[in-house]
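Summary of the model geometry
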Amino acid sequence: MTLLPHHYDVLILGAGPAGTAAALALHGHGLRVALVDKAHFPRDKVCGDAIPGPTLTAIRRLSESWYQELVAVQPQAPAKASRLVGPGGQELVVHWQKPTFNSPRQDFDFQLLQLVRRHTQTTILENHAVRDVRTDEQGVELVLADPTQLPLSAQLLLACDGANSVAVRKVLPRPLDRRYHCAAVRAYYTGLTGFDEHTSEFYFLRDYPAGYCWVFPVGGGVYNVGFGLLSAQVAERRVDMKQALAQLLRQHPQLVGRFAGARQLSEVTGFGLPLAGRRLPLAATRCLLAGDAASLIDPLQGHGIDKAVISGILAAEQVVRCFQSQDFSLPYLRQYEAAVQQKLGRRLQRSYRLMRLLAAWPGLLQVGFWLARLPGLQRRLVRLIG
Ligand SMILES: Cc1cc2nc3c(=O)[nH]c(=O)nc-3n(C[C@H](O)[C@H](O)[C@H](O)COP(=O)(O)OP(=O)(O)OC[C@H]3O[C@@H](n4cnc5c(N)ncnc54)[C@H](O)[C@@H]3O)c2cc1C
């Protein structure tokens, strides 16, 4: 039997962007922190690999040198523009001002974890799958899937374990609401022609309102190609997402020729996106939720990495306040919910309303593309969709 030094001040469950950002933000406060993940890094994560600008801004606010280390991640493709193709073939090219990039999550998440490893005293426990989460007024306990390992315990838990969070199932269970959930599939390809290495492409489709297909360069001639759709539509129309993507690549007039010599580098893999847009409880007894566990993905763009990092940092700030005041009560923990609402809530709710509008009235998308041609309106529309 392996005996672990198993008691900590704070346990962070999940070492994705939310968990690693929380560990970085807890640095320097004298807390004993453990970051627990079932995977061994570098590990893959099904994603579009577009690292939204606010992710980097949030890390830069924590430390300029950590930011500099992160932007040196390889491979990566600086994202300078987005090309949006409408259902009728209309085009809109948006040039981005703020520096950002696309990078396979296998590399990006590993670099985030390396920052934690190099610059903090966090205990990193990889290959530690958590089977059960127990909380009460005294603290929290994580039961590991490996029965030979002792449970881990702490004063507080930051649940950053993603879209299929065991912590959410155990401490704040809620049924899946397909109106706030998206399904998506993706694979890596090389050998595409006619794509720019610095432009991410989005294809909006007449057959699938409020969904889109993407082709994102991730560096070294490799592209992340995927398709996402609101889960309510997937269920209603019984869409086979993998087949739908294959069909798009075979039939879309703007893709078929450019994929003619493509070589698929990975399996088509699917994963869920828990969307933001409603106010869910983000705090429970001795526990805060961040990132996908808190359902914070932007319903319009599908961006969740930035929300994960920002909410991870906000959760860490609340944890620090709890230890400073020795107040671990639920009402005090709930201050975190207010902080998330203030920082992200209004924008995410607006995105959700817009996404629903486009799902209900697909013709609006055509109007949007048409309006974007008018001088002065493009910038406003781009600001609206982010
Ligand atoms: C197909 C697809 C495309 C997407 N494209 C983009 C995009 O281009 N840009 C963007 O910003 N967002 C995108 N997203 C959303 C983005 O992937 C998530 O919002 C982001 O990964 C959330 O980070 P997180 O840290 O909350 O969770 P994750 O990144 O999911 O990390 C959770 C961690 O918890 C660990 N874990 C889970 N359960 C356990 C357990 N029981 N025990 C121990 N460890 C556990 C996992 O191993 C994992 O490392 C996409 C999502 C999908 C599915």
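From a predicted model like this one, the values you see are computed outputs, not experimental measurements.

Moving on, we come to the overall build of the chain. Looking only at helices and strands, one finds 12 helices and 19 strands in the chain. In terms of overall size, the chain behaves like a compact globule, its C-alpha atoms giving a radius of gyration of 21 Å where 386 residues would be expected to give roughly 21 Å. Here the C-alpha coordinates of the chain stretch approximately 60 × 40 × 40 Å along the principal axes. Burial statistics for the chain: of 386 residues in total, 57% are counted as buried. Counting contacts in the chain only where the partners sit at least 6 residues apart, residues at least 24 apart contribute 71% of the total. Element-wise, carbon and sulfur atoms account for 53% of the exposed surface of the chain, whose accessible area totals about 17,500 Å². Where the 43 positive side-chain charges of the chain centre and where its 30 negative ones centre are 7 Å apart.

This part covers the environment of Pro 75. By secondary structure assignment, the location of Pro 75 is in the loop between helix H3 (64–71) and strand E4 (77–78). Note on Pro 75: relative accessible area 33%, which makes it partly exposed. Not counting residues up to four positions away in its chain, the partners in contact with Pro 75 are Ser 103, Pro 104, Asp 107 and Val 218.

Around the ligand sit 38 residues in total, of which Asp 37, Gly 48, Ala 50, Arg 105 and Asp 292 are the nearest. Within the contact set of the ligand, an oxygen atom lies 2.9 Å away from a backbone nitrogen or oxygen of Ala 18. Separating an oxygen atom of the ligand from a side-chain N or O atom of Asp 37 is a distance of 2.6 Å. Expressed as a share of its isolated accessible area of 1,000 Å², the protein-covered part of the ligand is 94%.

Turning next to the domain arrangement of the chain. Under the domain assignment, the chain is made up of domain 1 (7–60 + 99–175 + 277–353) and domain 2 (178–274 + 359–385). On a C-alpha basis, the centres of domain 1 and domain 2 stand 28 Å from each other. Summed over both sides, the interface of domain 1 with domain 2 buries roughly 1,900 Å², with 55% coming from carbon and sulfur. Of all residues in domain 1, Val 46, Asn 102 and Tyr 352 bury the most surface against domain 2, accounting for 27% of the area lost on that side. Along the contact surface separating domain 1 from domain 2 lie one salt bridge. At the junction of domain 1 and domain 2, the tally comes to 12 residue pairs in polar contact (both at pLDDT 80 or more). At three residues, helix H10 (residues 335–360) tops the list of elements feeding residues into the side of domain 1 that touches domain 2. The residue inventory of the side of domain 1 that touches domain 2, partitioned by class, reads nine nonpolar, seven polar and eight charged.

What follows is about the pattern of salt bridges. One pass over the structure, following the stated rule, counts 17 salt bridges. Across the pair Glu 201 and Arg 83 runs a salt bridge, and its minimum N-O distance is 2.8 Å. In this pair, Glu 201 sits in strand E13 (residues 199–205) while Arg 83 sits in strand E5 (residues 81–85), placing the two residues 118 residues apart along the sequence. Both residues of the pair, Glu 201 and Arg 83, count as buried. Arg 258 is the salt-bridge partner of Glu 201, the closest N and O atoms lying 3.1 Å from each other. With Glu 201 in strand E13 and Arg 258 in the loop between helix H7 (241–251) and strand E16 (263–264), this residue pair connects regions lying 57 residues apart in the sequence.

There is a patch of like positive charges on the surface, built from Arg 346, Arg 347, Arg 350 and Arg 353. Residue position: Arg 350 is located in helix H10.

This paragraph deals with the packing of aromatic side chains. What the rule picks out here adds up to 13 aromatic pairs. An angle of 65° between the planes, with centres 6.1 Å apart, marks the rings of Tyr 212 and Trp 214 as edge-to-face. Here Tyr 212 falls in the buried class, since its relative accessible area comes to 14%. Trp 214 gets classed as buried once you look at its relative accessible area, which sits at 8%. Over the ring of Phe 195 we find Arg 258; its NZ or CZ atom is 3.7 Å from the centre of that ring.

Between H3 and helix H4 (residues 105–119), whose axes approach to 10 Å, the crossing angle comes to 145°. Classified by chirality, the crossing of H4 by H3 is right-handed. Side by side, H3 and H4 meet where Trp 66, Glu 69 and Leu 70 of the first sit next to Phe 108, Gln 111, Leu 112, Leu 115, Arg 118 and His 119 of the second.

In this structure the tally under the stated criterion is zero disulfides. Note on Cys 160: no disulfide assigned, nearest cysteine sulfur contributed by Cys 287 at a separation of 9.0 Å. Cys 47 provides the cysteine sulfur closest to Cys 182, a residue in no disulfide bond, and the two sulfurs are 12 Å apart.

Structurally, the position occupied by Arg 60 is in helix H2 (residues 53–62). Taking the C-alpha atoms as reference points, Arg 60 and Leu 70, 10 residues apart in sequence, are found 9.3 Å from one another. Residues contacting Arg 60, with those up to four places away along its chain left out, are Tyr 67 and Gln 68. In terms of polar contacts, Arg 60 uses its side chain to reach the side chain of Glu 64, at 2.8 Å.

Criteria and thresholds
Residues numbered from 1 in each chain as written. Predicted model: local features only at pLDDT ≥ 70, side-chain atom pairs only at ≥ 80, totals over all residues. Heavy atoms only, no water. Helix = DSSP H or I, 4+ residues; strand = E, 2+ residues; numbered from the N terminus. Rg over C-alpha atoms; globule rule 2.2 N^0.38 Å. Buried < 20%, exposed > 50% of the residue type's maximum accessible area, 1.4 Å probe, protein only. Contact = heavy atoms within 4.5 Å. Areas by Shrake-Rupley, 256 points an atom, 1.4 Å probe, with all protein chains shown as cover. Lys, Arg positive; Asp, Glu negative; His and termini not counted. Charge placed at Lys NZ, Arg CZ, Asp CG, Glu CD. Near = heavy atom within 4 Å. Polar contact = N/O pair within 3.5 Å; in protein donor to acceptor, adjacent residues only side chain to side chain. Domains from an automatic or database assignment. Buried area = accessible area lost by both parts, 1.4 Å probe. Salt bridge = Lys/Arg side-chain N within 4 Å of Asp/Glu carboxyl O. Nonpolar A, V, L, I, M, F, W, Y, C, P; charged D, E, K, R; others polar. Patch = residues over 30% accessible without salt bridge, like charges linked within 9 Å, V, L, I, M, F, W, Y side chains within 5 Å. Phe/Tyr/Trp six-rings, centres within 6.5 Å; stacked < 30°, edge-to-face > 60°. Lys NZ or Arg CZ within 6 Å of the ring centre and 35° of its normal. Axes fitted to C-alpha atoms, helices over the stretch in contact; angles between N-to-C directions. Left-handed = near helix turned anticlockwise from the far one by under 90°. Disulfide = S-S within 2.5 Å.

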